[in-house]
Amino acid sequence: MLKKVDATQGSMIKAIFTFSIPMILAAIAQDLFSVADKAVIGQMAGSGELAAVGATGAITSLIINGAIGISSGTTIVLARFWGQKDKEKIRSTIDTALITGVGFGVIVAIVGFFLAPIFLKATSCPAECFDGALLYIRIYLSAAPITLFYNYGSSVLRTMGDTQRPLIYILLGGVVNVILNVILCLILPQKVAAVAIATVASNLVGGLLVARRLCRLEEDYARVVIRKMRFDFHSFVRIFRFGIPTAISNLVLPLGNLQITSAINSYGIEAIAGNSASLSVNNVAYAFATGFSTATSTFMGQNIGAKKTSRVKKAFWCSTTLNVLVCGLVGVIMFLSGRFWLGLIVGFDEVNAINYGMIRLSYVCAFVFVHAINSSFGGAIQALGYAGIRSISNVAFNLGFRVIWMQFIYPLNQTFGMVMQCFLVSWILNMTFYAVLFTIIYIRYMKKGICKRV
């Protein structure tokens, strides 16, 4: 019997680990299956096809992640109502979140299909891999309604304390992905299309499993009954109000990276392949930051709803400490063993691609603990109701600063390492801003118990 985690009672550290570990494993599994995509296409096709898939990363993030960002509003709103045990608002929040996810998915699929060529040109995608990249994006985005339904549905399950089933669903979908990768690459002449189709199929499996679970929830007030689902405007406003800052942040990050992506692409196919491979290695460390930061926002949110101030404080400090220590250690380990992982993805004979990948790891993976601090601050600020601050910070540092860096600092020393330094410096500035603002908000809450209402 799979257990749900109750953030409002019991041992905090044990609960955080029980909640976070399945999320972390799910994110790592998802990344490993992405690595499998790249490894299969790298070994069965070559660096050109791998570069075609890698060149789509910033663009798919830009188009998909903005819509996914709204689901964070579901987490905050539902966590508060779950802590309050408000059955009516729990029901309307879940229904509205799922309908919203599918609706945004349809919009993303249509917009992405038509704007993909423009984005590829904007990022200076090399002509050698332009057609392959365009094909991959269009197939991938065709499944956006399914992808977003899975993400919104998983957010609902995790907020209710069930992080184990989403992990199982990702593993099952990932197995389908890997098997189809090999089979389709053997059958289809266009390897990029084969990998994209396999990814869509795995998303479909995950979406169907999430839908099945939501329709069989033990709590009748939370169980999804498709014929009775209703869109509630007030619930949508609550979700949107708390989710739009994260959506903006998710949009800002790839927007801020567009110039960086363009600069990376200018170094050629080997740089694109190496950067794409190193991003997969980075994502293992990012998974820990995401898991613990989600625990921060969920545990603080539920205890804010339950009016347990002491546990709100404990939730922040326990999850943040775990985030920094574990994420930092994993980042260093992944950096030190980076050449091995990069070789597995791009092929050990692709020395130049591996060298480019190691440059990224030295500036990003080795210092990922800074990103962990930022993610915990961001989750805590969002739980306290000040999600707008997260957007302001991301606009200022992940967009504004990176544009300034690429426009004025990078031209002074145009090297691949100089491009990668932009990530680290923007993280440090972001962390400083978060520290000051969070301290003010946190002291106010601990003294007066005041946070923004949902």
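Summary of the structure given here. Keep in mind that this is a model prediction, so the values were computed, not measured.

1. Focus on the overall build of the protein chain
When helices and strands are counted, the protein chain shows 17 helices and zero strands. For the protein chain, buried positions account for 59% of its 454 residues. Nonlocal contacts in the protein chain, meaning residues at least 24 apart in sequence, comprise 84% of its contacts between residues at least 6 apart. Put simply, the protein chain shows about 18000 Å² of open surface, and 68% of that area lies on carbon and sulfur atoms.

2. Comments concerning the pattern of salt bridges
Close approach of charged atoms allows side chains with opposite charge to pair. Using the criterion set out here, one finds three salt bridges in the structure. With a shortest N-O distance of 2.6 Å, Asp95 and Arg91 are connected by a salt bridge. Within this pair, Asp95 and its partner Arg91 are both found in helix H5 (residues 87-122), separated by four residues, close to a single helical turn. Residue Asp95 is classed as buried on the basis of its relative accessible area of 5%.

3. Observations regarding the packing of helix H11 (residues 269-305) against helix H15 (residues 368-383)
For the pair H11 and H15, the least separation of the axes is 8 Å and the interaxial angle reads 20°. Considering their axes alone, H11 and H15 lie roughly parallel with respect to each other. The hand of the H11/H15 crossing is right-handed. Residues Ala285, Tyr286, Ala289, Ser293, Thr296, Ser297, Met300, Gly301 and Ile304 of H11 lie in contact with H15, whose contacting residues are Val368, His371, Ala372, Ser375, Ser376, Gly379, Ala380 and Ala383. Residues belonging to the contact of H11 with H15 are distributed by class as follows: nine nonpolar, eight polar and no charged.

4. Some words on helix H8 (residues 164-187)
Look at H8: 35 Å from first C-alpha to last across 24 residues, which is about the 34 Å you get at 1.5 Å a residue. Every buried residue belonging to H8 is among Arg165, Pro166, Leu167, Tyr169, Ile170, Gly173, Gly174, Asn177, Asn181, Leu184 and Cys185, and all of these are buried.

5. Looking at the packing of aromatic side chains
The full count for this structure, using the stated rule, is 24 aromatic pairs. Look at Phe231 and Phe236: their rings are 5.5 Å apart centre to centre, the planes differ by 45°, and that puts the pair in the tilted class. Between the aromatic rings of Tyr286 and Trp427, the centroid separation amounts to 6.5 Å while the plane-to-plane angle is 75°, which identifies the pairing as edge-to-face. Note that Tyr286 is positioned in helix H11 and Trp427 in helix H17 (residues 416-448), a separation of 141 residues in sequence. Given the relative accessible area of 8%, Trp427 is considered buried. Through pairs of rings, three or more aromatic residues link up here, namely Phe316, Trp317, Phe377, Tyr434, Phe438 and Tyr442. The ring of Phe113 has Arg138 sitting right over it, with the charged end atom 4.3 Å from the ring centre. Its end group placed over the ring of Phe423, Arg360 keeps NZ or CZ at 4.9 Å from the ring centre.

6. Describing unusual backbone geometry
Keep in mind that most residues, glycine aside, have a negative phi and that most peptide bonds are trans. Notably, Lys85 is not glycine yet its phi reads approximately 60°, a positive angle. Looking at the element boundaries, Lys85 is found in the loop between helix H4 (71-84) and H5. Positive phi values are uncommon outside glycine, yet Lys307 reaches one of about 60°. As for its position among the elements, Lys307 is in the loop between H11 and helix H12 (309-336).

7. Re the side chain of Thr100
As for its placement among the helices and strands, Thr100 is situated in helix H5. Exposure remark for Thr100: the relative accessible area of 6% places this residue in the buried category. Apart from the residues lying within four places of it in its own chain, the contact partners of Thr100 are Tyr152, Phe231 and Phe236.

8. Some words on the side chain of Ser319
Of note, Ser319 is situated in helix H12. A polar side-chain atom of Ser319 sits 2.6 Å from the main-chain carbonyl oxygen of Ala315. Here Phe316 takes part through its backbone oxygen, which lies 3.2 Å from a polar atom of the side chain of Ser319. Those residues in contact with Ser319 that sit more than four places away from it in its chain are Ile16, Phe292, Thr296 and Ser376.

Reading the values: rules and limits
- Residues numbered from 1 in each chain as written.
- Predicted model: local features only at pLDDT ≥ 70, side-chain atom pairs only at ≥ 80, totals over all residues.
- Heavy atoms only, no water.
- Helix = DSSP H or I, 4+ residues; strand = E, 2+ residues; numbered from the N terminus.
- Buried < 20%, exposed > 50% of the residue type's maximum accessible area, 1.4 Å probe, protein only.
- Contact = heavy atoms within 4.5 Å.
- Areas by Shrake-Rupley, 256 points an atom, 1.4 Å probe, with all protein chains shown as cover.
- Salt bridge = Lys/Arg side-chain N within 4 Å of Asp/Glu carboxyl O.
- Axes fitted to C-alpha atoms, helices over the stretch in contact; angles between N-to-C directions.
- Parallel < 35°, antiparallel > 145°, perpendicular 65-115°, else oblique.
- Left-handed = near helix turned anticlockwise from the far one by under 90°.
- Nonpolar A, V, L, I, M, F, W, Y, C, P; charged D, E, K, R; others polar.
- Expected span 1.5 Å × (residues − 1).
- Phe/Tyr/Trp six-rings, centres within 6.5 Å; stacked < 30°, edge-to-face > 60°.
- Lys NZ or Arg CZ within 6 Å of the ring centre and 35° of its normal.
- Polar contact = N/O pair within 3.5 Å; in protein donor to acceptor, adjacent residues only side chain to side chain.

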